[in-house]
Every structure is written in structure tokens, then in C-alpha cells.
Amino acid sequence: MIYRPIYVDKIMAYVDAPFVKILTGVRRCGKSTILKMIREKLKTERKVQEERIISCRYDSMEYEDMTAKQMYSQLKERLSPDGRTYLFLDEVQEINGWERVVNSIASDFDVDLYITGSNSRMMSSEISTYLTGRYISFRIFTLSFREYLMFKEAYAAVGDFKTELADYIRLGGFPAAHLQEYSQDEIYTIVRDLYQSTIYSDIVKRNQIRKTDQLERVVKYTFSNVGNTFSAKSIADYLKSEHRTLDNETVYSYLEKLEKAYLLHRCSRYDLQGKKILKTQEKFYLADTALRYSVLGYNADSFAASLENIVYLELCRRGYAVNVGKTTDGEIDFVAARQNEKIYVQVTQEIRSEKTERREYDRLLEIHDNYPKYVLRTDESAGGNYKGIKTMHVADFLLSAEY
């Protein structure tokens, strides 16, 4: 196992605290492995006896057709009779009514609970009803650029970071795809299988969708338009032009389901002048850049959009709430806020003309506050300062300790 301190250290801070620790994220992003790391730390650092650590993985056939009552009874029988039990429940969303089980176990027994899940039922209103004020949620993402380099270092020589960045964008960050040296085709096969199982298990099967071809078309439109603003109506109009009728509400429903399976991230626009979130023309980013290439095939022309995608994900990993900034006559790629902090970020592949340079920098110069402003690039001239705006290579930004 390759240690992922960005998550493990945060979760370990809440060991023995009276909260259920909930790990959520897209399938195969590493949640189960992080649970293993927590268990190992409990044994080695906290000296917890192995018999006090109970682990169950509910996507196993062993638990197929299990009821909530059976789940409760089985867990109750396994609890330590004379001290705290550390319970690790993986993919609990597979059991209908798991929320009541977790609430009962947490209320009635001396336990420290850790659970994972891969779809929206993990954060449904039912959790709020049963676990109000009693849980802490940790969003797990696929590998960051720093983690990707750590994984690669275990089986191959790591080259120049700026060269490695291109591979990271192309190959993505699903941990399973970087446990050994795979070819691009092998990685896309792994990711495509993961995508298909998520679509079937968490969307089609769970929501009893019959017209899967419609869903696939919405997916392909969304994946093709990463980083572009669009609406449900935009997709419906596009499909209509291809003689495929789909109403706005159905499109919106599909987008929502893709979000709830953690395949998509919705990024709303924020009016910098009016200081409010806009409800139209949002952007969507993928849980991992390899999803686009595994589903649609690799296309070098999509590099700029994927570059934007990885910066968005990194800001989310750092705990920022991220929006697209709307200015008077344009956009700021990202306005990222975290408690009392805020940063503004423009992402561009390269700047080849004075006109492009003015466009990228002038939009930031229009914002008259003292929060940090960045232009991130991938060309050789990236670096320096322009009228208070910091210019960085994207690789340096992703590897920086703080912004």
C-alpha cells in the first residue's frame, strides 16, 4: 500500500471522537485502501488489539440480500464485550436501511465507526435524519499529481515533473491503474470497466433506467464539453438536432444521477459583481480525466479542457469551494473560497500572443481586492509576477504545499 497522508492524517485526527467517519467518492478512488491504512495505524500507533477491529465489505456476495435487521444482528454479535470496538463498514449503501443500523450501533454500544460508500445515498436526507450532528464526511478523490508521482516512483523512474504532467492528464489518477506499469490501452480498459460498472450499478440498475442509449448520449455530450458552460436545454437542443428527442427535465435528471455517482462535479457560476451564484450555464468536470479518454478515445485537442479539470480537482482536494467567476465581459476560470481565504485562478495551456496574454491577465486585474490571483500555464515562460498576478507552471502549482 502506498500511503495517502492527505486523507489518512485528517481521518486519524478523529479516532475515538464521537462521530461516524464517512468516506465518499467515485468507485475505485481508494476508499477501501484508506480504511486499511487506518486499521494498520490503529494497531501500530494506537496499540489497538486486532480482535477489537471488525471489518465488513458489503459489496461482497457474502452480504447479498442481507436485510438491515440481519446487518444489525451480525454486527452486534461481533462487538467486543469489554471495551471499544473499531468498526469498518465498506460500501454500506448496498444494504437498504444501513443508516438506521449505523445509528443504532453508534448509540447503543461503545464503538468507533468508519464507513465508505460510492453514491449519493451516503449523503441523503436519511443520513441527516438519523445521524444529525453525529458524522464527519471526507470526500476522497482519485490520485493528485503528487500522489501519482509517488505511485509511479514505486515501479518506474520519474522524469521531469513538467513532462510527467502530460502523462498524468492523459492517464488520470485512478489508483488501480498505477499499481504497476500499464500501457495506455491497458489503463483505459481498467477505467472503462470501472465507468461501465458505475453506470450500471449506481445509475441504470438503482434507478431502473430503461433507455440507456439516452443516458449514454448525455454522458458523451457532457464528457466532450468539460470546461464549457452549458445547460440541460443545451443538451436537449443538441440531441434534437440529431433527431433524438429528450426533454429538459430528463436531461437534468441524468446529470443529477451522474453527479450522485460521483462521476461528475457541477461547478456553478458566481457573479463577481452581484456577489451571487447564478443558476444557469454551469460547468461540469469529471472525477478523473482518464474517464473522458476511456469513453471517447484519446484526443490531443482536449488537453486544455483536461488541464482545467485537474486544477479544479486539486482545488477541491485542498478544501476549497470552487465556482466559475463571471465578470462584466468574460469569465475567471475559478474563484475558490475556503473559510476566510479566497484565490482567483486562470488556466491556459500556453500564451502565444499579446492579445491572449491581455485576455488572461486583464480579467484578473479587473478584480479590485487583495486576494491572491494566479495564471497557470504549461509553456516554458511560465513563472514570475505581472502587476501582482502570480504566474506559475501548472505542475508547480499542483505540487506546491500551499497556494
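What you see is a predicted model; the values in this text were computed from it and never measured.

A. Structural view of the pairing of strand E13 (residues 389-393). With four of five residues buried, E13 lies mostly within the body of the structure. Sheet analysis places strand E11 (residues 373-377) next to E13, joined by four bridges and oriented parallel. The residue of E13 that forms the bridge with Arg377 is His393. Bridge count between strand E12 (residues 384-386) and E13: three bridges; the pairing is antiparallel. What sits directly across from Asn385, in E13, is Lys390.

B. Quick look at the nonpolar core. Formed by 94 residues in total, the largest nonpolar core has its most connected members in Leu165 and Val311. It is helix H13 (residues 303-317) that provides the largest number of residues to this core, a total of nine residues. Among all residues touching Val311, those that are not within four sequence positions of it are Phe334, Val345, Val347, Leu376, Val394 and Phe397. Counting 25 residues, the second largest nonpolar core, distinct from the first, contains Met71, Leu87, Leu89 and Val111.

C. View of the packing of aromatic side chains. Applying the stated criterion across every chain, the model contains 17 aromatic pairs. Look at Tyr312 and Phe334: their rings are 6.0 Å apart centre to centre, the planes differ by 45 degrees, and that puts the pair in the tilted class. With Tyr312 in helix H13 and Phe334 in strand E9 (residues 331-338), this residue pair connects regions lying 22 residues apart in the sequence. There is no split in this pair, since Tyr312 and Phe334 are both buried. One aromatic cluster is present, formed by Tyr221, Phe230, Tyr238 and Phe284 through successive ring pairs. Positioned over the ring face of Phe88 is Arg39, at 5.4 Å from the centre of the ring.

D. Seen up close, the sheet that holds E9. Read from one edge to the other, the open sheet built from eight strands follows the order E7-E6-E8-E9-E10-E11-E13-E12, with strand pairing classed as mixed. Two strands bound the open sheet, and with one partner strand each, they are strand E7 (276-286) and E12. Across the sheet, the axes of successive neighbouring strands diverge by a mean angle of 35 degrees, strand direction being ignored. In the sheet, strand E10 (residues 341-347) pairs with E11 via four bridges, with the strands oriented parallel. Bridge pairing in E11 places Val347 opposite Leu376. Strand contacts of helix H11 (residues 248-260): strand E6 (264-271) and E7, with the helix running at about 110 degrees to E6, the strand carrying the most contacts.

E. Structural detail: the sheet that holds strand E1 (residues 20-24). With parallel pairing, five strands are arranged side by side in an open sheet as E2-E3-E4-E1-E5. Two strands bound the open sheet, and with one partner strand each, they are strand E2 (53-57) and strand E5 (135-139). Here the strands of the sheet are splayed against their neighbours by 15 degrees on average, with no regard to which way each runs. Direction of pairing for E1 relative to E5: parallel, over a ladder of five bridges. From the neighbouring strand, Ile22 faces E5, where its bridge partner is Ser137. Against the sheet, helix H3 (residues 68-78) engages E2 and strand E3 (85-90), with an angle of about 155 degrees to E2.

F. Structural context of the state of the cysteines. Counting across every chain of the model gives zero disulfides. A disulfide-free cysteine, Cys316 has its sulfur positioned 7.5 Å from the sulfur of Cys267, the nearest such atom.

G. Up close: helix H7 (residues 161-171). Of the residues making up H7, those classed as buried are Glu164, Leu165, Tyr168, Ile169, Arg170 and Leu171. Buried residues along H7 sit in contact with helix H6 (145-153), helix H8 (184-207), helix H12 (289-296), H13, E13 and helix H15 (394-399). By the N-cap criterion, in which a side-chain oxygen at the helix start approaches the backbone nitrogen of a residue two or three places on, H7 is capped by Asp160, the distance to Lys162 being 3.0 Å. Residue Gly172 follows H7 closely and has a positive phi angle near 75 degrees.

H. Structural detail: the side chain of Gln93. Along the chain, Gln93 falls in the loop between E3 and helix H4 (98-108). Here Gln93 falls in the buried class, since its relative accessible area comes to 0%. A polar atom in the side chain of Gln93 sits 3.2 Å from the side chain of Glu94. Reaching out from Gln93, the side chain makes a polar contact with the backbone nitrogen of Ser118 at a distance of 3.4 Å.

I. Here's a closer look at the environment of Glu314. On the secondary structure map, Glu314 appears in helix H13. On a C-alpha basis, the gap between Glu314 and Lys31 in space is 18 Å, while along the polypeptide they are 283 residues apart. Here the side chain of Glu314 touches Arg317 through a polar contact of 3.1 Å, side chain to side chain.

J. Examining the environment of Ser197 more closely. Checked against the element boundaries, Ser197 lands in helix H8. Given the relative accessible area of 33%, Ser197 is considered partly exposed. When the C-alpha atoms of Ser197 and Ala300 are compared, they prove to be 27 Å apart, with 103 residues separating the residues in sequence. Contact partners of Ser197, with chain neighbours within four places excluded, come to Arg27 and Asp202.

Rules behind the numbers
- Residues numbered from 1 in each chain as written.
- Predicted model: local features only at pLDDT ≥ 70, side-chain atom pairs only at ≥ 80, totals over all residues.
- Heavy atoms only, no water.
- Buried < 20%, exposed > 50% of the residue type's maximum accessible area, 1.4 Å probe, protein only.
- Helix = DSSP H or I, 4+ residues; strand = E, 2+ residues; numbered from the N terminus.
- Pairing = 2+ DSSP bridges.
- Core = buried A, V, L, I, M, F, W, Y, C linked by side-chain atoms within 4.5 Å.
- Contact = heavy atoms within 4.5 Å.
- Phe/Tyr/Trp six-rings, centres within 6.5 Å; stacked < 30°, edge-to-face > 60°.
- Lys NZ or Arg CZ within 6 Å of the ring centre and 35° of its normal.
- Axes fitted to C-alpha atoms, helices over the stretch in contact; angles between N-to-C directions.
- Disulfide = S-S within 2.5 Å.
- Polar contact = N/O pair within 3.5 Å; in protein donor to acceptor, adjacent residues only side chain to side chain.

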